[in-house]
Amino acid sequence: MSDHKICIFKEFIDYNENCQQSQQLHPSYYQLGFICSVQAIPEIVDLEQWLTYLWQEGADISFENELQAAEFANNVLKLVAELERLYEQATPLNALDCDSWIRRDQTLSNDAHFFSAGFLAAIELFNAQWLMLEDDPEAQNLLQTTILLLTKMAPSETIDPALIEVFEQLPDVAEIVKILPQLISNLAYSAASTNTEQQ
């Protein structure tokens with residue numbers, strides 16, 4: 001992947017951490033996870049249906065002027081376009097730089113927690129669209145695997161005891177972050193293929 005392509009992910013993060021709306025927005029990696037998830041949905045979901053979910057609940061969604069609003073939208077659209085390009089070929093999302101999400105003590109960083117939470121939030125929000133995969137065992141398996149692995153990575157104060165047993169059978173977090181860039185892209189590719197076949 002070229003440096004230019006890697007920069008699109010980094011530009012998205014940097015912009016969101018430094019824009020004037022940063023206090024009202026969800027953390028940058030939560031937004032990144034959310035958008036990666038939305039773009040993987042079997043059928044395209046219009047920007048208007050999900051853009052407001054990048055803001056924290058109850059936040060004031062406003063900009064000081066049109067230029068600010070245009071910059072924000074452009075930042076999101078550049079990421080969306082790059083994800084579409086990568087998902088189209090099932091190209092791994094190497095620019096996520098998931099290896100940096102593992103601390104020296106082998107625990108996950110906040111970036112990993114936020115990304116996972118954002119990705120899962122979008123799956124829950126657009127659950128009806130994911131039901132399209134019910135008749136495709138391969139795509140359904142990819143979806144369930146992605147949900148399980150990200151649930152293990154997402155922060156949770158209360159974990160279902162039954163899930164703890166499942167988590168113990170899953171790869172450790174260091175292994176999960178290695179496979180995640182390809183897994184997400186495979187999910188998006190498979191979901192799009194299922195949607196095309198059903199049309």
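Residues numbered from 1 in each chain as written. Predicted model: local features only at pLDDT ≥ 70, side-chain atom pairs only at ≥ 80, totals over all residues. Heavy atoms only, no water.

**Q** I would appreciate a short explanation of the side chain of Ser-190 in the present structure.
**A** Counting through the fold element by element, Ser-190 comes out in helix α9 (residues 173-198). Sequence-distant contacts of Ser-190, that is, excluding residues within four places in its chain, are made with Glu-138, Ala-139 and Leu-142. (Helix = DSSP H or I, 4+ residues; strand = E, 2+ residues; numbered from the N terminus. Contact = heavy atoms within 4.5 Å.)

**Q** Is there a simple way to think about the pattern of salt bridges in this case?
**A** When the charged atoms of two side chains with opposite charge come close together, those side chains can pair. Following the criterion strictly, the structure yields three salt bridges and no others. A salt bridge links Arg-85 to Glu-82, with the nearest nitrogen and oxygen atoms 3.0 Å apart. With Arg-85 and Glu-82 both in helix α4 (residues 66-88), this residue pair falls three residues apart, about one helical turn. Looking at Glu-82, the relative accessible area reads 3%, which means it is buried. (Salt bridge = Lys/Arg side-chain N within 4 Å of Asp/Glu carboxyl O. Buried < 20%, exposed > 50% of the residue type's maximum accessible area, 1.4 Å probe, protein only.)

**Q** Explain the packing of aromatic side chains here, please?
**A** Here a ring pair, both rings aromatic, is described through the centre-centre distance and the interplanar angle of the planes. Applying the stated criterion across every chain yields a total of nine aromatic pairs. Taken together, a centroid distance of 5.9 Å and an interplanar angle of 85° make the contact between Trp-55 and Phe-63 edge-to-face. Among the residues examined, Trp-55 registers a relative accessible area of 5% and is labelled buried. Between Trp-55 and Phe-72, the ring centres sit 4.9 Å apart and the planes meet at 45°, which makes this aromatic pair tilted. Taken as a pair, Trp-55 in the loop between α3 (47-50) and α4 and Phe-72 in helix α4 lie far apart in primary sequence, 17 residues in all. One aromatic cluster in this structure is built from Tyr-15, Trp-55, Phe-63 and Phe-72. (Phe/Tyr/Trp six-rings, centres within 6.5 Å; stacked < 30°, edge-to-face > 60°.)

**Q** Explain the confidence of the model for the protein here, please?
**A** Caution applies to low-pLDDT regions: their predicted coordinates should not be interpreted in detail. Chain-level statistics for the protein give a pLDDT mean of 89 and a share of 93% at 70 or above. Per-element mean pLDDT across the protein ranges from 80 in helix α8 (residues 161-169) up to 97 in helix α2 (residues 28-40). (pLDDT = per-residue confidence, 0-100.)

**Q** I tried to follow the environment of Ala-95 on my own but got confused; where do I start?
**A** One can find Ala-95 in the loop between α4 and α5 (110-125). Measuring from C-alpha to C-alpha, the distance between Ala-95 and Trp-130 comes to 25 Å, with 35 residues separating the pair along the chain.

**Q** Just checking my understanding: could you explain the nonpolar core for this structure?
**A** Buried together is how nonpolar side chains tend to be arranged in soluble globular proteins. Ranked by internal contacts, the top residues of the largest apolar core, which has 61 residues, are Leu-32, Trp-50, Leu-54 and Trp-101. For this core, the secondary structure elements donating two or more residues are α1 (3-18), α2, α4, α5, α7 (137-153) and α9. With nine residues, α9 is the single largest residue contributor to this core. Apart from residues no more than four positions distant in its own chain, Leu-54 is found in contact with Leu-25, His-26, Gln-31, Phe-34, Ile-35, Phe-72 and Val-76. (Core = buried A, V, L, I, M, F, W, Y, C linked by side-chain atoms within 4.5 Å.)

**Q** Just checking my understanding: could you explain the environment of Leu-133 for this structure?
**A** As for its placement among the helices and strands, Leu-133 is situated in the loop between α6 (127-130) and α7. Among the residues examined, Leu-133 registers a relative accessible area of 0% and is labelled buried. Along the backbone, Leu-133 and Ile-147 are 14 residues apart, and their C-alpha atoms lie at a distance of 14 Å.

**Q** Can you help me understand α4 in this one?
**A** Quick reminder: α-helices carry 3.6 residues per turn. Residues three or four places apart thus point the same way. In this model, α4 (23 residues) spans 32 Å end to end at C-alpha, consistent with the 33 Å of a helix rising 1.5 Å per residue. Those residues of α4 lying buried are Gln-68, Phe-72, Asn-75, Val-76, Leu-79, Val-80, Glu-82, Leu-83, Leu-86 and Tyr-87. The N-cap residue of α4 is Asn-65: its side-chain oxygen and the backbone nitrogen of Leu-67 are 3.1 Å apart. (Expected span 1.5 Å × (residues − 1). Polar contact = N/O pair within 3.5 Å; in protein donor to acceptor, adjacent residues only side chain to side chain.)

**Q** Help me understand unusual backbone geometry, please; the structure alone is not making it clear to me.
**A** Positive phi values are uncommon outside glycine, yet Asp-97 reaches one of about 50°. Mapped onto the secondary structure, Asp-97 falls in the loop between α4 and α5. Residue class for Asp-97 comes out partly exposed when judged on its relative accessible area of 44%. For Gln-106, which is not glycine, the phi torsion reads 70° and is therefore positive. Within the secondary structure layout, Gln-106 lies in the loop between α4 and α5. Owing to a relative accessible area of 47%, Gln-106 belongs among the partly exposed residues under this scheme.

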